[in-house]
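Examination of the molecular architecture
Given next are the chains, with one letter for each unit.
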Amino acid sequence: MKVLVTGGAGYIGSITVERLIKAGEEVVVFDNLFQGHEDAVHPEAVFIQGDLADKGAIEAAIAEHRPDGIMHFASYTLVGESMERPFLYLRDNITNGLNLLESAAKHNVKRFILSSTANLFDDPENMPITETERIVPGSPYGESKNIMERYLYWMDRLYGMRYACLRYFNACGATEERGEDHDPETHLIPLVLEVALGQREKIAIFGDDYDTPDGSCVRDYIHVIDLAEAHILAMRALGDGPSRKYNLGNGRGYSVKEVIQTARDVTGHPIPAEITARRPGDPDILIASSDTIRRELGWQPQYADLRTIIEMAWNWHVSHPNGYTK
Ligand code: UDP
């Protein structure tokens, strides 16, 4: 299969490309390197530096390479930023996504995987969160993914494009060669590891008065390799099956304090922590039910244990203390 991966120089995209190539697939990466890193692009992938805002560029890439499927990772991805700069999300994520969908439809691409998000479920009635949970986007970021999910419904109905929407919970971990390098970094695990590397004095715990066993927020941390494998399984399943939506997590939650303590155990560093104010918009607990993808595709996380996740992330940070160099 030939797969075009938008955002294939970013964190989850680049690791999915690594796994696709390992699985013997052909890959074309399309990335503007705004947040991604050229060094993260697998050397066996064809790399096109291009911007989805440029409709001609993405259409030319699809026309030239004629992919069997598309995995769409490229977007603005920060919940907090989207509350402050909503139009970046409500306009750019959507118009760029539409440029991609229109080109894909025109060139008869029949399989599409969307990076979607747990931020669709801001007010869940049940925990763990299943695919039948009602959708209440928690931010303009979540809304931009919700709109993309809706557009895909029409791609399927009008063009026979089969799609899978994968709603990620907290992606984390690394492979030996690729890991998490955002600027600015906002995610808990890489920030905690920056403290252990001596690059940051302490970690802030955003609130310890939540309705959870230790008072800090509980999240479902899923290893990026397990996420990547879910993309590959879904892409293959779309060949002869219907479109689908899956929630992707480990199915068990860890608190912010548990993450920090595990990182102390793994790194041997005391990792000073300080309780600060709550971060606006954080719910107490978010845990995914991934029963549907387990049942339908036989997906099984290989790195579900928090200690393993943090060990793998730590190994990458130690070998790449300044992230990607380019
Ligand atoms: N968090 C924290 N301190 C930080 C960064 C994050 O306490 O410096 C908490 C955050 O409030 C949330 C959890 O860690 O409960 C995971 O946050 P992250 O930003 O990694 O992912 P999100 O859940 O926002 O996707």
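Please refer to the structure higher up on the page.
Calculation criteria
Residues numbered from 1 in each chain as written. Predicted model: local features only at pLDDT ≥ 70, side-chain atom pairs only at ≥ 80, totals over all residues. Heavy atoms only, no water. Pairing = 2+ DSSP bridges. Helix = DSSP H or I, 4+ residues; strand = E, 2+ residues; numbered from the N terminus. Axes fitted to C-alpha atoms, helices over the stretch in contact; angles between N-to-C directions. Parallel < 35°, antiparallel > 145°, perpendicular 65-115°, else oblique. Left-handed = near helix turned anticlockwise from the far one by under 90°. Contact = heavy atoms within 4.5 Å. Nonpolar A, V, L, I, M, F, W, Y, C, P; charged D, E, K, R; others polar. Expected span 1.5 Å × (residues − 1). Buried < 20%, exposed > 50% of the residue type's maximum accessible area, 1.4 Å probe, protein only. Salt bridge = Lys/Arg side-chain N within 4 Å of Asp/Glu carboxyl O. Right-handed = clockwise from strand over helix to strand, strands pointing away.

1. Focus: the sheet that holds strand S14 (residues 285-286)
Across the sheet, three strands lie side by side as S12-S9-S14; this open sheet has mixed pairing. Of all strands in the sheet, those with a lone pairing partner are strand S12 (254-255) and S14, marking the two edges. The sheet contact formed by strand S9 (residues 218-219) and S14 spans two bridges and is parallel. Within the sheet, the bridge partner assigned to Val 218 lies in S14 and is Ile 285.

2. Remarks on the packing of helix H8 (residues 256-267) against helix H10 (residues 306-319)
Two elements in contact, H8 and H10, have axes whose closest approach is 9 Å; the angle formed by their N-to-C orientations is 60 degrees. With respect to their mutual orientation, H8 and H10 come out oblique. Here H8 and H10 pass one another in a crossing that is right-handed. Packed against H8, whose contacting residues are Glu 258, Val 259, Thr 262, Ala 263, Asp 265, Val 266 and Thr 267, the element H10 presents Leu 306, Arg 307, Ile 310, Glu 311 and Trp 314 at the interface. Residue composition of the contact of H8 with H10, grouped by class: six nonpolar, two polar and four charged.

3. Some thoughts on unusual backbone geometry
With omega at -5 degrees, the peptide bond leading from Met 127 into Pro 128 counts as cis. Position of Pro 128 among the secondary structure elements: in the loop between strand S5 (111-117) and helix H5 (140-159). Cis peptide bonds are those with omega within 30 degrees of zero, and the linkage from Asp 183 to Pro 184 qualifies with 0 degrees. A positive phi angle, close to 45 degrees, is found at Arg 66, a residue other than glycine. Mapped onto the elements of the fold, Arg 66 is located in the loop between helix H2 (55-65) and strand S4 (69-72). With a phi close to 65 degrees, Asn 108 is a non-glycine residue in the positive phi region. With respect to the helices and strands, Asn 108 occurs in the loop between helix H4 (86-106) and S5.

4. Side note on H10
A rise of 1.5 Å per residue sets the reference length of H10, with its 14 residues, at 20 Å; its end C-alpha atoms lie 20 Å apart and thus fit the reference within 8%. All of the buried residues along H10 are Leu 306, Ile 309, Ile 310, Met 312, Ala 313, Trp 314, Trp 316 and His 317.

5. Considerations on the pattern of salt bridges
Counted by the stated rule, this structure contains 21 salt bridges. In this structure, Arg 162 engages Asp 156 in a salt bridge whose closest nitrogen and oxygen atoms are separated by 2.7 Å. The class for Asp 156 is buried, based on a relative accessible area of 17%. A salt bridge links Arg 279 to Asp 282; the shortest N-O distance between them is 3.1 Å. On the accessibility criterion, Arg 279 (39% relative accessible area) is partly exposed. Each of Glu 18, Glu 177 and Arg 178 takes part in a single network of salt bridges with overlapping partners.

6. Let's talk about the pairing of S5
Counting buried positions over the seven residues of S5 gives six, a clear majority of the element. For S4 and S5, the ladder comprises four bridges, and the chain directions are parallel. When the sheet's bridge partners are listed, Gly 69 is paired in S5 with Arg 111. Relative to strand S6 (residues 162-168), S5 is paired through seven bridges, and the arrangement is parallel. Note that in S6 the partner of Arg 111 across the bridge is Arg 162. Read as a crossover between parallel neighbours, the route from S5 over H5 to S6 is right-handed.

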